[in-house]
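Tertiary structure, described
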Amino acid sequence: MEPVEVEAGSRRLLAETRGHRLAEARKQSGLAQREVAARTGVGIVRVSRIEHGEGAMPDVIARYVEAPGGRLDLVADFGDHTVRMPTGSDHGTAAA
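Below is a short write-up of the structure. (Residues numbered from 1 in each chain as written. Predicted model: local features only at pLDDT ≥ 70, side-chain atom pairs only at ≥ 80, totals over all residues. Heavy atoms only, no water.)

Examining the overall build of the protein chain
We apply this condition: Here a strand is any run of E in DSSP of at least two residues, a helix any run of H or I of at least four, and the numbering for each starts at the N terminus. Buried residues are those whose accessible area, probed at 1.4 Å on protein chains only, stays under 20% of the maximum for their type, while exposed residues exceed 50% and partly exposed ones sit between those limits. Any pair of residues with heavy atoms lying within 4.5 Å of one another is described as a contacting pair.
If you tally the helices and strands in the protein chain, you get 4 helices and 3 strands. In the protein chain, the order of α-helices and β-strands from amino to carboxyl end is α-α-α-α-β-β-β. A total of 96 residues make up the protein chain; the buried ones form 23% of that total. Looking at the protein chain alone, contacts between residues at least 24 apart form 31% of all its contacts between residues at least 6 apart.

Quick notes on the pairing of strand 2 (residues 82-85)
Worth spelling out the cut-off: Only strands that DSSP links by at least two bridges are regarded as paired with each other.
The sheet contact formed by strand 1 (residues 74-77) and strand 2 spans 4 bridges and is antiparallel. Its bridge partner lying in strand 2, Asp77 is registered against Thr82. Once strand 1 ends, the chain turns through 4 residues before running back antiparallel as strand 2, passing Gly79 with a positive phi of about 85°.

Structural notes on the packing of helix 2 (residues 33-40) against helix 3 (residues 44-51)
In plain terms, the rule: Angles shown run from 0 to 180 degrees and are taken between the N-to-C directions of axes, each axis being a line fitted to C-alpha atoms and, for helices, limited to the stretch in contact. To sort the angles, those under 35 degrees are grouped as roughly parallel, those over 145 as roughly antiparallel, those from 65 to 115 as roughly perpendicular, and the leftovers as oblique. By the convention adopted, Pro, Cys, Tyr, Trp, Phe, Met, Ile, Leu, Val and Ala count as nonpolar, Lys, Arg, Asp and Glu as charged, and the other residues, Gly among them, as polar.
In the contact formed by helix 2 and helix 3, the axes pass within 8 Å of each other and the chain directions differ by 110°. When the axis of helix 2 is compared with that of helix 3, the two are roughly perpendicular. Contacts between helix 2 and helix 3 involve Gln33, Arg34, Val36 and Ala37 on the former and, on the latter, Ile44, Val47, Ser48 and Glu51. Across the contact of helix 2 with helix 3, the residue classes break down as 4 nonpolar, 2 polar and 2 charged.

Let's talk about the layout of surface pockets
So the rule is basically this: Here a cavity denotes grid points, spaced 1 Å and computed from the protein atoms alone, that fit a 1.4 Å probe unable to get out, and a pocket denotes an open set having protein on both sides within 12 Å along at least 5 of 7 lines; residues with an atom within 4 Å of a point are the lining. Grid points are joined across faces, edges and corners, and a volume is the space filled by probe spheres set on the points.
Volume-wise, the largest pocket comes out at about 400 Å³. Along the walls of the largest pocket sit 17 residues, with Ala15, Arg18, Ala56, Pro58 and Ile61 positioned nearest its centre. By residue number, the principal contributor to the lining of the largest pocket is helix 1 (residues 3-28), which donates 6 residues. When its residues are assigned to classes, the lining of the largest pocket shows 10 nonpolar, 3 polar and 4 charged.

A look at the nonpolar core
As a rule of thumb, soluble globular proteins bury nonpolar side chains together. Rule in force here: Take the buried residues of types Ala, Val, Leu, Ile, Met, Phe, Trp, Tyr and Cys, join any two whose side-chain atoms come within 4.5 Å, and each joined set is a nonpolar core.
Counting residues in hydrophobic clusters, the biggest one holds 12 residues: Leu22, Leu31, Val36, Ala37, Val42, Val47, Ile50, Val60, Ile61, Tyr64, Val65 and Ala67. Elements supplying a minimum of two residues to this core: helix 2, helix 3 and helix 4 (58-66). Top element by residues in this core is helix 4. It accounts for 4 residues. Setting aside residues no more than four positions away along its own chain, Ile50 makes contact with Gly19, Leu22, Ala56, Val60 and Tyr64.

Quick notes on the side chain of Thr40
Summarising the element assignment, Thr40 is placed in helix 2. With near-sequence residues (within four places) excluded, Thr40 lies in contact with Arg63, Tyr64 and Ala67.

With respect to the side chain of Arg26
Inspection of the secondary structure assignment puts Arg26 in helix 1. Aside from chain neighbours lying at most four places away, what touches Arg26 is Leu31, Ala32, Gln33, Val36, Glu51 and Tyr64.

In short, shape yes, function no, at least from these values alone.
Next comes the structure, spelled out in structure tokens:
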């Protein structure tokens, strides 16, 4: 197997894991997919795709996380410092 194929498989598995975790968080919050779709402004098909790890951009994931009251933190790690990236309605950045 080529390194490119391994990398693609790894990314796919990570996306599926993220989607599964989002679905579990939604269920724990007592929300149906249609409720998340209404709160995020995307269609129910898109919510399903996100939960299956397909095509979820950070802004959409942030809205998904915010729907049941959560907040997504996106942090870029540069080794010697980190930068918190804005997501969703949170537009601030902070360096650590």
